[in-house]
Amino acid sequence: MKNKIAVGFKALALALALTASPAFAADDPVKIGFVVKQPEEPWFQDEWKYAEQAAKEKGFTLVKIAAPDGGQVLTAIDNLKAQHAQGFVICTPDVKLGPSIVAKAKMNRLKLMTVDDRLVDGSGKPIEAVPHMGISASKIGEQVGQAIADEMKKRGWKPEETGALRISYDQLPTAKDRTDGAITALTAAGFPKANVVNAPQAKTDTENAFNAANIAITQNPKYKHWVAFGLNDEAVLGAVRAAEGRGFRADNMIGVGIGGSKSALNEFAKAEPTGFFGSVLISPKRHGYETSVDMYEWIKNDKAPPPLTLTTGRLVTKANAGEVRKEMGL
Ligand code: GLA
């Protein structure tokens, strides 16, 4: 009996959800969720900061939610619905959650846009129906590789005496594209492919990158110098710390990250240079502010966001980081 009633209620709720007219009336207050996978990372704190700026300017409410795993993502979407949000922007902890996120958003009648990490379907293809803003991953990876090659040449290092640490996280397509881009540029500049050492990290943070790099360096004692690249600044910082621990300091290590936010700036601010040579600065302002404004326009004026926006980056080093950040309005 109890079961029958529960089923009846469920059916009723579903029928109501399906027949209800689009939830938004012109004078309803706009509420937008901004869900991120790693709230402790400066990149995501910056994205939230610029999303807040958009909220203030446009007059909507921003709900910031941290969702480091799949369960938390699905709960977050239900919570947003319960709070009468009309849409959300998300950087998911796992792109393979794509179909579940799409289904859950649809069920809750929430507009959905992704940032940074693009959702994939069951066969690993990007879900193109969901508007996305990400970085131009291969191109930015190539900038990283080129910067490393240029600096190696400047220092007169012999490629055959140099190892390259690829801090990898291949289950995330943007991570794979970034590191593959770096290898493309390095090998085009004459770096031997055989000297690229793959160092997979279990999670995308500095600690896991440190562990991956530490193993890779220990297993390859023949190199005189090291270079390093990865998904982001945190990955390269882990590699730089591991190399230091093994005696490769600024003059024997060239690490180039991607991000250019606080993690990189802290490193550049040190009196003595470290192995963290540079970073390709990308824009958390574009990713946080623009996606939020896109979502606002979609909810308020029914103007759908562009299906795909890929942003660019610029190499910064200890010498010019402050200046370039200012130019980019950061
Ligand atoms: C991924 C990385 C972040 C950052 C963004 C930029 O989500 O995990 O560190 O680099 O991409 O789009």
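Residues numbered from 1 in each chain as written. Predicted model: local features only at pLDDT ≥ 70, side-chain atom pairs only at ≥ 80, totals over all residues. Heavy atoms only, no water.

### Observations concerning the overall build of the chain
A count of helices and strands for the chain gives 11 helices and 12 strands. Scaling as 2.2 N^0.38, a compact globule of 330 residues should have a C-alpha radius of gyration of about 20 Å, and the chain matches this with 22 Å. For the chain, the C-alpha atoms occupy an extent of roughly 75 × 45 × 30 Å along the three principal directions. By the burial criterion, 52% of the 330 residues in the chain qualify as buried. Long-range contacts, defined here as pairs at least 24 residues apart, represent 73% of the contacts in the chain between residues at least 6 apart. Within the structure as shown, the chain displays about 15,400 Å² of accessible surface, and the carbon and sulfur contribution to it stands at 56%. Counting 42 positive and 37 negative side-chain charges, the chain places the averaged centre of each group 3 Å from the other. (Helix = DSSP H or I, 4+ residues; strand = E, 2+ residues; numbered from the N terminus. Rg over C-alpha atoms; globule rule 2.2 N^0.38 Å. Buried < 20%, exposed > 50% of the residue type's maximum accessible area, 1.4 Å probe, protein only. Contact = heavy atoms within 4.5 Å. Areas by Shrake-Rupley, 256 points an atom, 1.4 Å probe, with all protein chains shown as cover. Lys, Arg positive; Asp, Glu negative; His and termini not counted. Charge placed at Lys NZ, Arg CZ, Asp CG, Glu CD.)

### Quick word on the sheet that holds strand β4 (residues 111-115)
Here we have 6 strands laid out as an open sheet, ordered β2-β1-β3-β4-β5-β11, and parallel in their pairing. Strand pairing shows two members of the sheet lacking a second neighbour, β2 (61-66) and β11 (308-311), which therefore form its edges. Neighbour-to-neighbour, the strand axes of this sheet turn through a mean angle of 15°, independent of strand direction. Two elements, β4 and strand β5 (residues 132-135), share 2 bridges in a ladder whose sense is parallel. Bridge pairing links Val115 to Met133 in β5. (Pairing = 2+ DSSP bridges. Axes fitted to C-alpha atoms, helices over the stretch in contact; angles between N-to-C directions.)

### A few points about the nonpolar core
Among soluble globular proteins, nonpolar side chains are generally buried collectively. One finds Phe34, Phe60, Val144, Ile148 and Phe229 to be the most contacted residues of the largest nonpolar core, which totals 45 residues. Contributing elements (two or more residues each) for this core: β1 (31-36), α2 (42-58), β4, α5 (137-155), α6 (173-188), β8 (225-229), β9 (253-259) and α10 (284-301). In terms of nonpolar packing, the next biggest core, distinct from the first, is built from 28 residues, Ala209, Ala216, Ala228 and Ala242 among them. (Core = buried A, V, L, I, M, F, W, Y, C linked by side-chain atoms within 4.5 Å.)

### Quick notes on the UniProt feature "domain: Periplasmic binding protein/LacI sugar binding" (unreviewed entry) in the chain
Residues given the UniProt feature "domain: Periplasmic binding protein/LacI sugar binding" (unreviewed entry) here are residues 31-309. Helix makes up 46% of residues 31-309 and strand 20%, with an end-to-end C-alpha separation of 23 Å. (UniProt positions renumbered as here; feature names shortened; annotations may be inferred.)

### Digging into the pairing of strand β10 (residues 276-281)
For β10, a buried count of 5 out of 6 residues is recorded, marking the element as mostly surrounded by other parts of the structure. In this region the chain leaves β9, passes through helix α9 (residues 262-268) and returns to the parallel neighbour β10; the handedness of that crossover is right-handed. Judged from the 4 bridges that link them, β10 and strand β12 (residues 314-317) form a sheet pairing that is antiparallel. Paired with Ser279 across the strands is Val316, a residue of β12. (Right-handed = clockwise from strand over helix to strand, strands pointing away.)

### Here we look at the site of the ligand
The environment of the ligand is formed by 13 residues, the closest being Glu41, Asp116, Asp117, Arg178 and Asn232. At 3.0 Å, a side-chain N or O of Lys37 approaches an oxygen atom of the ligand. Here an oxygen atom of the ligand sits 2.5 Å away from a polar atom, N or O, in the side chain of Glu41. For the ligand, the accessible surface in isolation is 310 Å², of which the surrounding protein chains cover 99%. Here the shell around the ligand is built from residues that sort into 6 nonpolar, 2 polar and 5 charged. (Near = heavy atom within 4 Å. Polar contact = N/O pair within 3.5 Å; in protein donor to acceptor, adjacent residues only side chain to side chain. Nonpolar A, V, L, I, M, F, W, Y, C, P; charged D, E, K, R; others polar.)

### Some thoughts on the packing of α2 against α10
Packed helices, taken two at a time, are described by the angle between their axes plus the distance between the axes. As a packed pair, α2 and α10 sit with axes 7 Å apart at the nearest point and diverge in direction by 40°. Classified by the angle their axes make, α2 and α10 are oblique. α2 and α10 meet at a crossing whose hand is right-handed. Touching Trp43, Asp46, Glu47, Tyr50, Ala51, Gln53, Ala54, Glu57 and Lys58 of α2 are Pro284, Lys285, His287, Gly288, Tyr289, Ser292, Val293, Tyr296 and Glu297, all from α10. For the contact of α2 with α10, the class distribution of residues is 8 nonpolar, 4 polar and 6 charged. (Parallel < 35°, antiparallel > 145°, perpendicular 65-115°, else oblique. Left-handed = near helix turned anticlockwise from the far one by under 90°.)

### Overview of the packing of helix α7 (residues 206-219) against helix α8 (residues 233-245)
Following both chains from N to C, one finds α7 and α8 inclined at 45°, their axes separated by 7 Å at the closest point. The angle between the axes of α7 and α8 places the two elements in the oblique class. In this structure, α7 crosses over α8, and the sense of that crossing is right-handed. Here α7 contributes Thr206, Ala209, Phe210, Ala213, Asn214 and Ile217 to the contact with α8, which in turn contributes Glu234, Ala235, Leu237, Gly238, Ala239, Arg241, Ala242 and Ala243.

### Considering the side chain of Asp117
With respect to the element layout, Asp117 can be found in the loop between β4 and β5. Polar side-chain contacts of Asp117 include one of 2.6 Å to the side chain of Lys37. The residues contacting Asp117, other than those within four sequence positions of it, are Lys37, Cys91, Thr92, Val95, His132, Leu172 and Thr174.

### Points about α6
Taking 1.5 Å per residue as the helical rise, α6 with its 16 residues ought to reach 22 Å, and the 22 Å between its terminal C-alpha atoms agrees with that figure. Every buried residue of α6 is accounted for by Thr174, Ala175, Arg178, Thr179, Gly181, Ala182, Ile183, Ala185 and Leu186. In this structure, the buried residues of α6 make contact with β5, α5, β6 (162-168), β7 (196-200), β8 and β9. Once α6 ends, the next one or two residues include Gly190, with phi positive near 100°. (Expected span 1.5 Å × (residues − 1).)

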